[in-house]
Amino acid sequence: MRVAEIMTRDVRVARPDQSIQEAARMMADVDAGIMPVGEDDRLVGMITDRDIAVRAVAEGKGPQTLVRDVMSPEVKYCFEDDDTDAVAHNMAELQVRRLPVVNRDKRLVGIIALGDLAVMEGARPAGEAVSGISQPGGQHSQTGGSRY
């Protein structure tokens with residue numbers, strides 16, 4: 001199965017010059033914990049509710065802090081024509097639960113979540129991804145320590 005068959009196409013995008021309060025409000029509106037950050041029709045980062053908590057609130061930054069100051073500038077993504085098994089494996093290695101989906105022109109066309117894989121592909125690929133994601137640490141660990 002291809003990513004385009006199971007991804008979510010309606011994706012909100014934050015701007016780097018928006019406040020984290022605005023980004024958090026957008027996340028709440030769509031019930032998401034992660035949001036792509038775009039500028040001039042290109043992905044420039046990702047911001048998560050955890051980025052806001054750990055990189056902003058825990059550091060004493062206020063709600064008017066800019067998204068660019070707390071977002072992760074390195075964007076991991078997959079292509080809409082990628083095979084879902086390969087993407088599940090990649091999510092496990094990257095230790096992420098969601099990936100932005102781009103077309104071959106690298107324009108954002110959707111987002112794929114671990115839940116999408118579980119619902120459409122069943123337990124095997126989703127289980128593989130969860131197993132990898134659940135390993136302590138990883139490149140997206142913001143504290144460097146073990147996870148609870």
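Quick look at the structure, then. These numbers come from a predicted model, not from an experiment. (Residues numbered from 1 in each chain as written. Predicted model: local features only at pLDDT ≥ 70, side-chain atom pairs only at ≥ 80, totals over all residues. Heavy atoms only, no water.)

For the rest of this paragraph, the subject is helix 3 (residues 84–94). Residue pairs three or four apart in sequence face the same way in an α-helix, which turns once every 3.6 residues. Those residues of helix 3 that sit buried are T84, V87, A88, M91, A92 and L94. Measuring from the backbone nitrogen of D85 back to the side-chain oxygen at the start of helix 3 gives 3.0 Å, which picks out D83 as the cap. Directly after helix 3, the chain includes Q95, whose backbone phi takes a positive value near 60°. (Buried < 20%, exposed > 50% of the residue type's maximum accessible area, 1.4 Å probe, protein only. Helix = DSSP H or I, 4+ residues; strand = E, 2+ residues; numbered from the N terminus. Polar contact = N/O pair within 3.5 Å; in protein donor to acceptor, adjacent residues only side chain to side chain.)

Here we come to the sheet that holds strand 3 (residues 78–79). One open sheet accounts for three strands, arranged 3-4-5; its pairing is mixed. Whereas interior strands pair on both sides, the edge strands pair on one side only; in this sheet they are strand 3 and strand 5 (108–113). Both strand 3 and strand 4 (residues 98–102) contribute to a ladder of two bridges, which runs parallel. By the bridge assignment, C78 is partnered in strand 4 with V101. (Pairing = 2+ DSSP bridges.)

Here Q64 is to be found in the loop between helix 2 (49–56) and strand 3. On a C-alpha basis, the gap between Q64 and S19 in space is 4.8 Å, while along the polypeptide they are 45 residues apart. Not counting residues within four places of it along the chain, the set of residues in contact with Q64 comprises S19 and Q21. Among the polar contacts listed, one links the side chain of Q64 to the side chain of Q21, at a separation of 3.1 Å. (Contact = heavy atoms within 4.5 Å.)

Of all six residues that make up strand 1 (residues 34–39), five are buried, and the element is covered over most of its length. Two elements, strand 1 and strand 2 (residues 42–48), share six bridges in a ladder whose sense is antiparallel. Note on strand 2: the bridge partner recorded for M35 is I47. Turn length for the strand 1-strand 2 hairpin, with the two strands adjacent in sequence and antiparallel, is two residues, and the turn residue D40 shows positive phi of about 55°.

On to the pattern of salt bridges, then. Pairing is possible between side chains of opposite charge, provided their charged atoms come close. Per the counting criterion, the structure on display carries seven salt bridges. Residues E39 and R68 are paired through a salt bridge, measuring 3.7 Å at the closest nitrogen-oxygen approach. Here E39, found in strand 1, pairs with R68, found in the loop between helix 2 and strand 3; they are 29 residues apart in sequence, far enough to count as distant. On the accessibility criterion, R68 (39% relative accessible area) is partly exposed. In this structure, the salt-bridge partner of D51 is R55, at a minimum N-O distance of 3.5 Å. Here D51 and its partner R55 are both found in helix 2, four residues apart, which amounts to about one turn of the helix. Salt bridges here are not isolated pairs; linked through shared partners, they connect D81, D82 and R104. (Salt bridge = Lys/Arg side-chain N within 4 Å of Asp/Glu carboxyl O.)

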